[in-house]
Amino acid sequence: MSSRRDDEFTLYVAARLGSLRRIAFLLCQDWQLADDLVQTTITRLYLRWTRASTVEHTDAYVRTMLVRAFLAERRSGWARRVSLDAALPDTPWPDPDLAAALDVRAALASLPPRQRATVILRFYCDMNVNQAAQVLGCTAGTVKSQTAKGLDALRRALAEEPSYQELRDHG
Amino acid sequence: MDDSRLRDLLERAVGDPPPARVSVALARSQGRRSLRRRRMFLTAAAPVAAAAVALILTVVPSDLSGGHARHDNTVPQHSNPAFVAHPPSRFTLNVPYASFGWLPAGFSAAYVPAEIGGAGVAGTQSALVETVGAPSHEADGKDLELEVNAAGGCRIAGSGSLRLTAAEALRYIRDRAAYLHPLWLSCTGGGGDAWPLAGAAPQVKGGPAFWDERGDLIWEYGRGAWAELVPSLMIMEPQRDPHFDGWFNVPAKARSAVRSGHPAYKQSAAARALLLKVAASVHYGDSTPQVYGFTLSGVPAGWRAAAIPTGFQPMDGRLVNTGWQLGPGSDTGGLSISVGPAAPGGCKFFAGQSRYVTIDGAQGLLRTIDQTGKHEQTLCASDVQGLSIFIDLDLRVPATNDTTLPESSGFGSALAVFGHLGLLGPDPAHWTTNPLR
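Residue positions are counted from 1 within each chain, in the order its sequence is given. Each chain gets a letter, beginning with A, and each ligand a number, beginning with 1, in the order they are written. pLDDT decides what is reported in this predicted model: residues at 70 or higher carry local features, side-chain atom pairs at 80 or more are listed and counted, and totals for whole chains, interfaces and linings draw on all residues regardless.

1. Considerations on the overall build of chain A
This is how it is decided: The secondary structure listing takes helices from DSSP runs of H or I that are at least 4 residues long and strands from runs of E that are at least 2 residues long, numbered from the N terminus. Three exposure classes are used. Buried residues have 20 or more other C-beta atoms within 10 Å of their own C-beta, exposed residues have 12 or fewer, and partly exposed residues fall in between, all C-beta atoms being placed from the backbone. Any residue pair is listed as a contact if its two C-beta atoms, each placed from the backbone, are within 7 Å.
Counting its regular elements, chain A contains 10 helices and 0 strands. The helix and strand sequence of chain A, counted from the amino end, reads α-α-α-α-α-α-α-α-α-α. Among the 171 residues that make up chain A, the fraction classed as buried is 48%. The contacts of chain A with a sequence gap of at least 6 include a subset with a gap of at least 24, amounting to 64%.

2. Comments concerning the confidence of the model for chain A
All names here are of chain A. To keep it simple, the criterion reads: As a per-residue quantity, pLDDT reports the predictor's confidence and falls between 0 and 100.
This prediction gives chain A a mean pLDDT of 75; 73% of its residues lie at or above 70. The element-level mean pLDDT for chain A is lowest in helix H5 (residues 77–81), coming to 37, with helix H7 (residues 113–123) highest at 89. Low pLDDT, under 50, characterises residues 160–168; the stretch is placed with 11 contacts to residues that sit more than four places away or in other chains.

3. Considerations on the pairing of strand E21 (residues 354–359) of chain B
Our working rule: When DSSP finds two or more bridges between two strands, those strands count as paired.
By the criterion of burial, E21 of chain B is predominantly exposed, with just 0 of the 6 residues buried. Linking two consecutive strands that pair antiparallel, namely E21 of chain B and strand E22 (residues 362–371) of chain B, is a turn of 2 residues; a positive phi of about 50 degrees is found at Asp-360 of chain B within it.

4. Considering the nonpolar core
Basically, it comes down to this: For this analysis, nonpolar core means a set of buried Ala, Val, Leu, Ile, Met, Phe, Trp, Tyr and Cys residues linked through C-beta atoms within 7 Å.
Formed by 101 residues in total, the largest nonpolar core has its most connected members in Ala-24 and Leu-66 of chain A together with Leu-217 and Ala-279 of chain B. Counting residues per element, this core draws most heavily on helix H1 (residues 3–28) of chain A, at 10 residues. Beyond its immediate chain neighbours, meaning those up to four positions away, Leu-217 of chain B contacts Ala-201, Ala-209, Trp-211, Glu-228, Leu-229, Leu-275, Leu-276 and Ala-279 of chain B. Formed by 27 residues, the second largest nonpolar core is a distinct cluster that contains Tyr-292, Leu-335, Cys-380 and Ala-381 of chain B.

5. So, the packing of H7 of chain A against helix H8 (residues 129–136) of chain A
All names here are of chain A. Our working definition: Axis lines are fitted through C-alpha atoms, for helices just across the contact stretch, and the angle between N-to-C directions can take any value from 0 to 180 degrees. The labels follow the angle: roughly parallel below 35 degrees, roughly antiparallel above 145, roughly perpendicular from 65 to 115, and oblique for the rest. Should the near helix be turned anticlockwise from the far one by less than a right angle, the crossing is termed left-handed; should it be turned clockwise, right-handed. Amino acids outside the nonpolar list (Ala, Val, Leu, Ile, Met, Phe, Trp, Tyr, Cys, Pro) and the charged list (Asp, Glu, Lys, Arg) are all regarded as polar, and Gly is one of them.
Interhelical geometry of H7 versus H8 gives an angle of 140 degrees and a closest axis separation of 9 Å. In terms of axis orientation, H7 runs oblique to H8. Of the two elements, H7 crosses H8, and the hand of that crossing is right-handed. Across the interface between the two elements, Ala-117, Thr-118, Leu-121 and Arg-122 of H7 pack against Ala-132, Val-135 and Leu-136 of H8. Residue composition of the contact of H7 with H8, by class: 5 nonpolar, 1 polar and 1 charged.

6. So, helix H4 (residues 269–280) of chain B
The following threshold applies: For a helix, the expected span equals 1.5 Å multiplied by the residue count minus one.
In this model, H4 of chain B (12 residues) spans 16 Å end to end at C-alpha, consistent with the 16 Å of a helix rising 1.5 Å per residue. The secondary structure elements touched by the buried residues of H4 of chain B are strand E6 (142–149), strand E10 (194–204), strand E12 (217–222) and strand E13 (225–233) of chain B.

7. Examining unusual backbone geometry
A negative phi holds for most residues other than glycine; trans holds for most peptide bonds. Although it is not a glycine, Gln-29 of chain A sits at a positive phi angle of roughly 65 degrees. Tracing the sequence through the fold places Gln-29 of chain A in the loop between H1 and helix H2 (31–47). Within the chain, Gln-385 of chain B stands out as a residue other than glycine whose phi angle is a positive 55 degrees. Within the secondary structure layout, Gln-385 of chain B lies in the loop between strand E23 (374–384) and strand E24 (387–394). On the basis of neighbour count, Gln-385 of chain B is assigned to the partly exposed category, with 15 C-beta atoms found within 10 Å.

8. Some details on the confidence of the model for chain B
Residue and element names in this part refer to chain B. Residues with a pLDDT of 70 or more make up 65% of chain B, whose mean pLDDT is 73. A low-confidence stretch, residues 116–121 (pLDDT under 50), is modelled with 12 contacts involving residues beyond four sequence positions or located in other chains. Considering only residues more than four positions removed or in separate chains, one finds that residues 398–402, a stretch of pLDDT under 50, has 8 contacts.

9. Brief notes about H7 of chain A
Burial analysis of H7 of chain A places 10 of its 11 residues in the buried class, which makes it a mostly covered element. Listed in full, the buried residues belonging to H7 of chain A are Arg-114, Gln-115, Arg-116, Ala-117, Thr-118, Val-119, Ile-120, Leu-121, Arg-122 and Phe-123 of chain A.

10. Points about the environment of Ala-157 of chain B
Positionally, Ala-157 of chain B belongs in strand E7 (residues 154–157). Through-space distance from the C-alpha of Ala-157 of chain B to that of Leu-183 of chain B is 5.7 Å; in sequence the pair is 26 residues apart.

11. Concerning the pairing of E13 of chain B
Residues and elements named next belong to chain B. Across the 9 residues that make up E13, a large majority, 9, are buried. Bridge count between E6 and E13: 7 bridges; the pairing is antiparallel. Within E13, the position partnered with Val-148 by the bridge is Ala-227. In the sheet, E12 pairs with E13 via 5 bridges, with the strands oriented antiparallel. When the bridges of E13 are listed, Glu-220 appears paired with Trp-226. Hairpin geometry of E12 and E13 is characterised by an intervening segment of 2 residues between the two adjacent antiparallel strands and by a positive phi of about 70 degrees at Gly-224.

Right, here's the structure in full:
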């Protein structure tokens, strides 16, 4: 195997690792699982590097691999047996930013995997409807409906629990 | 909640990432292992592939001459049905569904089995061919990969709720020279690729076909079932190679993260004609019973559960399964065993790593790789009782890189694994359908 291939691959992955981990974390809601997902993705990427490196949008190609690996894993037997606990600690955190972050994490975790992926692609990866549809392998209409459902669920989840600020103001 | 507010919330939800547990070196190592195993098949398959091509010669004598292709645009005639009326909705993991017919001179085939789809369905099978022999320069290392998807595994999608049949997609593309909305073939199996349809291609055996933006050939081989033929090179930057001959399109890049920008390079007409010719000669639905030239005894139960076939190779004019990949739960690909027809010259000596051993009276090469992050042993023999053998054992569990494979399993070294191997000779009549004992 040519070392240049390895060099290019290493440089590419090193430059994108942080971004891939963050997306994976939002999808998985757990850093260990996120790192496992990224590890799986970049191993597959190595095998497909000759194609990935010559497509027009390598980043989009890799994000597609990541999201589809996540969705495939969620459909697997393992994902059915193991579920992440989305519960928050009983005591509000003293740091309002951290409290907000935990609220959002819990709200995201409450979404079904496909809705979660849709919301993350649209609002974190800044993809338009068509791009998200391509990644998810569905129609733009499905992306729109999944986005609407996901946002609605997020709004409800975030509104159900009073925020730290509200607790402080009213408590 | 507006978009920017939501993005801000998502950013906050990520917070400060802990140190990464991701290892690029491990990805390279495991990826290389898979590629090396693939290439081992190619090396072993080379002389046999020639025999298979010669067999096909008798079927299509006008297209081939002495195993060498004429590089013309003629699409060969086939005895296969033109279009598969009832393609399967899933593949059997250890039965190759599609196989190459005509291949350009110097190409040899190896086949990798169906990949398990997300729902546990074997939805995709791949076959890989590449040039054989020492390349005179890097651009000689051409690959051709065939991916075959089960019926219903792919669909054509576009903007809005656009969902098109192949015929509609062709009309859509032909009616609009510069069509506004992109179409793509989205497949759920295997790597879960989305193939952007860039233009219409000539039909492949009666099935509608497309080129994607990269120059991959995509065609419907049966009702609702799609295949893709992907040309690639073993080099990363073909545009920098003076020998690059337009094997595929290289899009212009204004500036990439790894190199400076470059103009676009267009796929050659010769490459397109060759892809069409290869695609037109693919055979489908050959479901001969799978037999193996070996038995493997004493396989731990936990390893057996994760065992998957590693590949197929042509023999006596049909594809036979060559081996298995298995291992403990933490590394289900820790051990790979391939046994095929004798392949003289199929083993390579690596200075400083390889040593000669005698196994069952035949010469073999035992290679031990003991480097940071890479602890492997391979045993390669080109002719033992008329069979070629390749054993590849990962001596450490990759996830931890410090845990040795359980000695108690009796699979602690490549030679120990060979001790569990029973060879059934070169005659497939004596082979077994149940190799794992």
